[in-house]
Structures are given as structure tokens and as C-alpha cells.
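Chains, contacts and geometry: an overview
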Amino acid sequence: MNNMIRVAWNGILSDYFLAVNGVKQGGVLSAIIFSVYIDGLLVRLMKARFGCHIGSYYVGVLAYADDIVLFAPSPAAMRQYAANMLINTVLCLMEVSLNV
């Protein structure tokens, strides 16, 4: 399947180009495909035991659509957690931006 797209910026449209990765924004299956793709990262983070726990429940990461929120008990733990997540995103061939 060829997905030809173009960018609109400041009222100007680019030429069409081939989108070779990612999921189509607004596509019916996009959320499901992304969830399947991101599941491995979330499982690795949970197994690493980084982040917060409430009793025996892991609550170190929340994910919705294409947003992921990390929870940690201290700034030092968050730095370690973020470093671990960056390593795992590289393993998943993902790009990440951190907003703190």
C-alpha cells in the first residue's frame, strides 16, 4: 500500500511524498496498530519494575493514543526510568520526545 502524503504549513502545500512508516492519523485501525506496536515497550517497562506501584499493581506508565506518561517516586528514579525507556524505544525503533 502506497501512502502518498503532503504537508500543509502556513498555507503552503508541499509536493506529495511517500510515507514509509508510522500509522495513518485518523485511520480506523491506527490506534489498534499503535497499541500492538507499543505493547512490547510497556511490558518491558513493567518487568523492569521502574516507576510507581500501588500495592501489587504497577502504575509506572499510562498510555493513551500516542501519549505515554511515566510516574516515578523521585527525580532520581525518573532519570533512571527515562534512560531505561529511551534505551527500549531505540530497541523498538521508535522516536521519543521528553517533556518534563
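Figured I'd write up the structure that's included with this text. Keep in mind that this is a model prediction, so the values were computed, not measured. (Residues numbered from 1 in each chain as written. Predicted model: local features only at pLDDT ≥ 70, side-chain atom pairs only at ≥ 80, totals over all residues. Heavy atoms only, no water.)

Focus on the overall build of the chain
The helix and strand tally for the chain stands at two helices and eight strands. For the chain, the sequential pattern of α-helices and β-strands runs β-β-β-β-α-β-β-β-β-α. Buried positions account for 19% of the 100 residues belonging to the chain. Pairs at least 24 apart in sequence give 27% of the contacts found in the chain among residues at least 6 apart. As presented, the chain carries roughly 8100 Å² of accessible surface, and 62% of it is formed by carbon and sulfur atoms. (Helix = DSSP H or I, 4+ residues; strand = E, 2+ residues; numbered from the N terminus. Buried < 20%, exposed > 50% of the residue type's maximum accessible area, 1.4 Å probe, protein only. Contact = heavy atoms within 4.5 Å. Areas by Shrake-Rupley, 256 points an atom, 1.4 Å probe, with all protein chains shown as cover.)

Let's talk about unusual backbone geometry
Positive phi is not limited to glycine here, since Asn10 has a value of about 55°. By the secondary structure assignment, Asn10 is in the loop between strand E2 (8-9) and strand E3 (12-13). With relative accessibility at 68%, the residue Asn10 sits in the exposed group.

Observations regarding a nonpolar patch on the surface
On the surface, Val28, Leu29, Ile32, Ile33 and Val36 cluster together to form a nonpolar patch covering roughly 540 Å² of accessible area. Note on placement: Ile33 falls in helix H1 (residues 30-47). The partly exposed category is assigned to Ile33, whose relative accessible area is 44%. (Patch = residues over 30% accessible without salt bridge, like charges linked within 9 Å, V, L, I, M, F, W, Y side chains within 5 Å. Salt bridge = Lys/Arg side-chain N within 4 Å of Asp/Glu carboxyl O.)

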